Amino acid sequence: MNIRFAFVLFTLLIFVGCRHQNDTSDTAVRKNLPGTWHSDVAPQTESKFMVSANGDFECKTIFQGDTNGIQTIEMEGTFQVKDGILIETVTKTSQTNAHIPFVSRARVIQADNHEMVISPLNRTNRIVWEKHTS
């Protein structure tokens, strides 16, 4: 699997949100999850997620490819929140070499209706998402 694709999938996990006094309970995160979320995941990489009330999502990531100029990956799937972990299941992608479904997990560090910080499991980095609509 393409390393950039795996990184993008982990970034999908970021946008679960709710922080009312940094309330990262599963219920609070689910409540604030619906909407449009944006993140500059890495240099020259931007992701936008549209999440519905039932946890279904669509994602579009645009990045500078190594040899092919600007590239776009589109994905669809579902988000679940359990025990403080955001679970992303990708069920459709424009990347032809991806094995579907693909599941990623990240711990919700802090979240509210405007921003969310997650950390992919087994990694030390944190990813910040900003919410643009509810």
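Refer to the structure above for everything that follows.
Positions within a chain are numbered from 1, following the residues in the order the chain's sequence is written. Thresholds applied to this predicted model are a pLDDT of at least 70 for local features of residues and 80 or more for the giving and counting of side-chain atom pairs; totals over whole chains, interfaces and linings are not thresholded and use all residues. Hydrogens are left out, water is left out, and the side-chain values use all remaining heavy atoms of the structure.

Turning to the packing of aromatic side chains, a few remarks are in order. Each pair of aromatic rings is reported with the distance of its centres and the angle of its planes. Note on ring pairs: Phe, Tyr and Trp rings are taken, using the six-membered ring of Trp, and paired if centres are within 6.5 Å. Classes follow the plane angle, with under 30 degrees stacked, over 60 edge-to-face and the rest tilted. Within this structure, the stated rule accounts for four aromatic pairs. When the centroid spacing of 6.0 Å and the interplanar angle of 65° are considered together, the rings of F49 and F57 count as edge-to-face. An aromatic cluster is defined as three or more aromatic residues linked by ring pairs; in this entry it consists of F49, F57, F79 and W129.

This next bit is on the environment of T78. Inspection of the secondary structure puts T78 in strand β4 (residues 70–82). Relative accessibility under 20% of the residue-type maximum defines a buried residue, over 50% an exposed one, and the middle range a partly exposed one, all with a 1.4 Å probe and only protein chains included. The class for T78 is partly exposed, based on a relative accessible area of 28%. As a C-alpha pair, T78 and E58 span 20 residues in sequence and 8.7 Å in three-dimensional space. Here, two residues are considered to be in contact whenever any of their heavy atoms come within 4.5 Å of each other. Every residue in contact with T78, bar those within four places of it in the chain, is listed here: G55, D56, F57, I87, E88 and T89. Only DSSP runs of H or I reaching four residues or more are called helices, and only runs of E reaching two or more are called strands; each is numbered from the N terminus.

On a regular strand, each side chain points to the face opposite its neighbour's, so the side chains alternate between the two faces of the sheet. The pairing of β4 with strand β5 (residues 85–93) spans eight bridges and is classified as antiparallel. In the strand pairing of β5, K82 is matched with I85. Strands qualify as paired when DSSP identifies two bridges or more between them. Adjacent in sequence and paired antiparallel, β4 and β5 are bridged by two residues, among which D83 carries a positive phi angle near 55°. Pairing analysis gives six bridges linking β5 to strand β6 (residues 102–111), with the strands arranged antiparallel. Looking at β6, one finds that T89 is bridged to V103.

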